[in-house]
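Remarks on the overall topology
These are the residues of each chain, in order.
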Amino acid sequence: MKEDFLHYAWQYKKFDFPNLTTVSGEKVIVVHTGQYLQQAGPDFFNAQIIIDNQKWAGNVEIHVKSSDWYLHQHEQDDCYNNVILHVVWEHDIPVFRKDNSVIPTVSLKSFVSKAVLQQYLALTSPKSWIFCEGQIRLTDAFVMRNWLERLFFERLENKAIPIKTLLAFTNNDWEAVLFYSLAKNFGLNTNGEIFFKALQSIPFAVVRKESFEVQNLEALFFSQLDLLSEDVEDAYAKDLQARASYLAQKYCLKKNWVEPVQFFKHRPDNFPTIRLAQFAMLYHLQQNLFAKIITAISMDDFYQLFNSGVSAYWENHYQLDKVSPPKKKRLSKSFVDLLVMNTIVPIQFAYAESQGKEISESLVKLQQTIPAEKNIVIEKFANFGITAESAFETQSLLQLKNNYCSKGKCLQCAVGVNLLKRNE
C-alpha cells in the first residue's frame, strides 16, 4: 500500500462514506475532506469533520501506518497541532498530539471496497512494454525478416530529412553537410545538438581553408563552444585564444548561442574537449572526406578513413591547463561504428537518392557487418525472444519500437497483422 492511494481515496471519498467510524468506534461524518495542497505540513487543510456528533475544523494527516506519525516526527512539529483526524490504512499504535490528547484515527482498510483497490492496482501496476510482448516471438520468420528490412529503410528515410535540410542550408555542398552531420555525432547524445549548433556558425569554406593547421581548427571549434577560458595560464590555451581571435576577425565569425557542453557522467575519452580535438584532427588529415566516404564500401575502409587521434597537446590532457597521463586517444572502432550507423549510411543513402542510384543492398550488407548495438530497447526485445545479430537489426528494432509499438500502431505493423492472422 502507498500513501498516494490513501490520498486519492480520501480526496474522492472512495470508501464506505456513510458507515465511516474511527478505530475506537466513533461515528465519522465527512462534511469536507479539506484542500489537497501537496505542500509542507498536513496533507489536507481546512477539513470539516463530525466525530461522534462533535464538529471539528482543521487538518487531516494521512499515513500508511499510524506509527508513521512518529517515524516522521510530527509530534515535534507545531504544524501538526491542529490535525483533527489521522487517516491510515493500518492502525498499529495510538497517536497523541503535543498536549497528549489522542488524535482520532480512521483505518480505511476496513472501508475501501475490493473493487476500488483493484482498479487502483490495475492503474498503477507496471504496463506491458509492447502490446505483443507475449506473442512477438511467434511471428513468422519470413514476415519478420522482410518487415525489419522495411523498417531499416524507413529509419533511413527519416534520417535523410535533416540531411536534405542541411543541403539547402549549405547550398548543396555535400562536404559541408557531412561536416555538420559528423559534428553532431562527435558530440554524442549529450552534446550532439550543442556541437551541431555551435559549429554551424563556422562556414565550411573556413574549415577548408584552415584545415592545413590543426591548431587553427581547434581554435575555431573550441572558441565557438566557449571552451577557451581567459583564466587559464596554459601556453597552448593562450595560443588557441590568440588564433581564435585572429580567425574571428579575419572571417567575421559570430557565435550561435548554445548551452554549455556537458562533461558530467562522461568517461574522460568522451569529454567534449577530446571529441573536438579528434574532430579537428580528422579534418586536418582528411581532405575531401565526402568523396572518400561515398566510395567506401566496407567497414575496413571506414576504420582506415577515421584512423585519427589528437594533436600532441591532447595526448596528455583531457582539459585545457590540466596535465594527465599520456594516451594516444585514437577514435575507437566502436565509435567509428556509431559514425557509420548514424551519419555515413544516412548520407550515402540520401546522396544515392539524389543521384537516382540504387544502393539498398550494399547499405544492408554494410550494416550487417557492424556489431549489434547495446541499449535497453534491444535488451527488452531479446527478453521477448527477438535477438539482434547486427546493427541492421538493432536499427530496425529501434524504428519498430519508436514508430509503431510506442504509438500503438499494431494494425500498421507487419508483426501485429501476422499475429492477428495466427489467432483467426
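Residues numbered from 1 in each chain as written. Predicted model: local features only at pLDDT ≥ 70, side-chain atom pairs only at ≥ 80, totals over all residues. Heavy atoms only, no water.

Let's talk about the pattern of salt bridges
Using the following cut-off: Each salt bridge in this description consists of a side-chain nitrogen of Lys or Arg and a carboxyl oxygen of Asp or Glu lying within 4 Å of one another. Comment: elements are numbered from the N terminus, with helices defined as DSSP H or I runs of at least four residues and strands as E runs of at least two.
The final tally for this structure, using the stated rule, is 11 salt bridges. Here Lys 164 and Glu 353 are joined by a salt bridge, their closest N and O atoms 3.1 Å apart. Here Lys 164, found in helix α4 (residues 141-169), pairs with Glu 353, found in helix α13 (residues 333-354); they are 189 residues apart in sequence, far enough to count as distant. What emerges from the salt-bridge pattern is a single network uniting Glu 213, Asp 239 and Arg 243.

A look at the side chain of Glu 393
Selection rule: The buried label applies to any residue whose accessible area, calculated with a 1.4 Å probe on protein chains only, is under 20% of its type's maximum; exposed applies above 50%, and partly exposed to all values in between. Positive charge is attributed to Lys and Arg, negative charge to Asp and Glu, and no charge count is given to His or to the chain ends. Working rule for contacts: check all heavy atoms of both residues, and any pair within 4.5 Å makes them a contact.
Positionally, Glu 393 belongs in helix α16 (residues 391-405). An unpaired buried charge is present at Glu 393: no salt bridge exists, and Arg 145, the closest side chain of opposite charge, is 8.8 Å distant. Setting aside chain neighbours within four positions, we find Glu 393 in contact with Leu 148 and Ala 388.

Overview of the state of the cysteines
Put simply, the rule is: To count as a disulfide, a pair of cysteine sulfur atoms needs to be within 2.5 Å.
Counting across every chain of the model gives zero disulfides. Between Cys 405, a free cysteine, and Cys 132, which holds the nearest cysteine sulfur, the sulfur-to-sulfur gap is 5.8 Å.

Points about helix α1 (residues 3-11)
Listing the buried residues of α1 in full gives Phe 5, Leu 6, His 7, Ala 9 and Trp 10. One or two positions beyond α1, positive phi appears at Lys 13, with a value near 55 degrees.

What about the packing of aromatic side chains?
Filter applied, for reference: Aromatic contacts are taken between Phe, Tyr and Trp rings whose centres are within 6.5 Å, Trp giving its six-membered ring; a plane angle under 30 degrees counts as stacked, one over 60 as edge-to-face, and the others as tilted. The criterion for a charge sitting over a ring is simple: Lys NZ or Arg CZ within 6 Å of the ring centre, and within 35 degrees of the ring normal.
Applying the stated criterion across every chain yields a total of 29 aromatic pairs. Geometrically, the ring pair formed by Trp 174 and Tyr 351 is edge-to-face, given 5.2 Å between the ring centres and 85 degrees between the ring planes. You can see Trp 174 sitting in helix α5 (residues 174-186) and its partner Tyr 351 sitting in helix α13, a full 177 residues away along the chain. Assessed through its relative accessible area of 22%, Tyr 351 is described here as partly exposed. Centroid distance Phe 179 to Phe 204: 5.3 Å. Interplanar angle 45 degrees. Geometry classified as tilted. With Phe 179 in helix α5 and Phe 204 in helix α7 (residues 204-210), this pair connects stretches of sequence that are 25 residues apart. You can call Phe 179 buried: its relative accessible area is 0%. Of the aromatic side chains, those joined through ring pairs into one cluster are Phe 169, Phe 179, Tyr 180, Phe 186, Phe 204, Phe 221, Phe 279, Tyr 283 and Phe 335. Just above the ring of Phe 335 sits the side chain of Arg 275; from NZ or CZ to the centre is 3.8 Å. Here the basic side chain of Lys 329 rests over the ring of Tyr 318, its NZ or CZ set 4.3 Å away from the ring centre.

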